[in-house]
Amino acid sequence: MSELARKNIAGIKQYIPGKPIEEVARELGIKGEIVKLASNENPLGTSPKALEALKKAIKGTHLYPDDEYFHLVRAIANRHGVEPECVMIANGSVEALDFITKAYVNPGDEVVMSEQAFALYRIVVAIMDGKRIATPLKNYAHDLDAMAAKITPKTKVVFIANPNNPTGTMSTSSELDKFMNAIPREPLVVLDEAYREYITRKDYPDSFKYLREGRNVMILGTFSKIYGLAGLRIGYAVSKPELVAPLRKVKMPFHVNSFAQAAALAAISDDEHIIRSREVNDAGKKYLYAELKKLGVSFVPTEANFIYIDVGHDCDKVFHQLLLRGVIVRPMKPYDFPTGLRVTIGTREQNEKFAKALKGALATFA
Ligand SMILES: Cc1ncc(COP(=O)(O)O)c(C=O)c1O
């Protein structure tokens, strides 16, 4: 790397995304069908209503997008019972993470997160030369007591993914209440709810309640997961207007394209697609739990659309064996889980292919 780059950039480990299907097919010369269960996308695809909206939007390709996202902001505000000024749209929720650290983290400011939290948190903090303060997970879930204890006057931001990626565990409403009561009001608590729509448990927190109470929380949502729009890149942040305002200052103009806006607007009201996606996920979860138990592989019960499993062998090797069998999953070494794999819950057919491939992959270690 060139010495001209800012010093802290050299220390950043680049984010490794799930491999695209074409790349794997090319690399390994695989001719048959490849199943990608690596990036927690919706296996049912995009909402049909969103696809219709996209077709219409294409006519406006020569025009710049609406930089105030008028309609989408109102639809999201409506859904969450907040005012439009509380909503900021982003080019994927990762862009919202980037805006948050750009707007809030000075060099040396502390940012609290779990050791094994979504990988981008660490990166956006490092870009700003902030100080990452990480606490170990407890039973694969955020240890909110430990996180609260790390908050000092130097803490600017706290990142909590709920459910957590890569473990799929959920912080309950009473656990989050306890955390919010334990901490001083000063830091910005970011509640990243990328998988919120998959949750069926009654004890999932209503995080908008903290906003109504005037707390410094920022809630993130995405259209990449249950809404099936990962390829368009669109997500959002909801907070108090004065906390959202700094985010608007660090954004580039027209950062969210018109197709993403049009598709998201249609997808948000496609309840049928959301319900069906949740049902397929719940059924897939039950099927995979049963198959993993049969194989004697331990896993962490999930509240999201992916399962963290401990394969008991070097995860890169098992990942490779799965690739050879046409299944892409995510090895967990970048999260310091040397024997962990994360698999997205797919359709019944995809899950069957994965279960069969895993059996074959594990047999090579016997
Ligand atoms: C917890 C969490 N937050 C945010 C994201 C980013 O999603 P987006 O596609 O909206 O950038 C992901 C994606 O995997 C995630 O797991």
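Residues numbered from 1 in each chain as written. Predicted model: local features only at pLDDT ≥ 70, side-chain atom pairs only at ≥ 80, totals over all residues. Heavy atoms only, no water.

Engineer: Before we go on, may I ask you to explain the pattern of salt bridges in this structure?
Structural biologist: Opposite charge on two side chains allows them to pair when their charged atoms are near. Using the criterion set out here, one finds 18 salt bridges in the structure. The shortest N-O distance in the salt bridge between E115 and R132 comes to 3.9 Å. One end of the pair, E115, is in the loop between strand 3 (110-114) and helix 6 (119-127); the other, R132, is in strand 4 (residues 131-135), and 17 residues separate them in sequence. Taking the shortest distance from any N to any O, the salt bridge between K294 and E291 comes out at 2.8 Å. Pair noted here: K294 and E291 are both in helix 12 (residues 271-295), with a separation of 3 residues, about one helical turn. You can call K294 exposed: its relative accessible area is 64%. Judged by its relative accessible area of 18%, E291 falls in the buried class. (Salt bridge = Lys/Arg side-chain N within 4 Å of Asp/Glu carboxyl O. Helix = DSSP H or I, 4+ residues; strand = E, 2+ residues; numbered from the N terminus. Buried < 20%, exposed > 50% of the residue type's maximum accessible area, 1.4 Å probe, protein only.)

Engineer: Help me understand the sheet that holds strand 12 (residues 330-331) in this model?
Structural biologist: Sheets are built from strands that pair by backbone hydrogen bonding, the pairs being arranged parallel or antiparallel. Read from one edge to the other, the open sheet built from 4 strands follows the order 9-10-13-12, with strand pairing classed as antiparallel. Pairing within the sheet leaves two strands with one partner each, and these edge strands are strand 9 (298-300) and strand 12. Of the strand pairs in this sheet, strand 12 and strand 13 (residues 340-344) are connected by 2 bridges, and their pairing is antiparallel. Paired with R330 across the two strands is R342, which belongs to strand 13. (Pairing = 2+ DSSP bridges.)

Engineer: Whenever I open this one, the pairing of strand 4 confuses me. Can you help?
Structural biologist: Looking down a regular strand, the side chains alternate between one sheet face and the other. Here strand 3 runs beside strand 4; their pairing, made up of 5 bridges, is parallel. Paired with V111 across the strands is R132, a residue of strand 4. Regarding the hand of the β-α-β motif, the stretch spanning strand 3, helix 6 and strand 4 is right-handed. (Right-handed = clockwise from strand over helix to strand, strands pointing away.)

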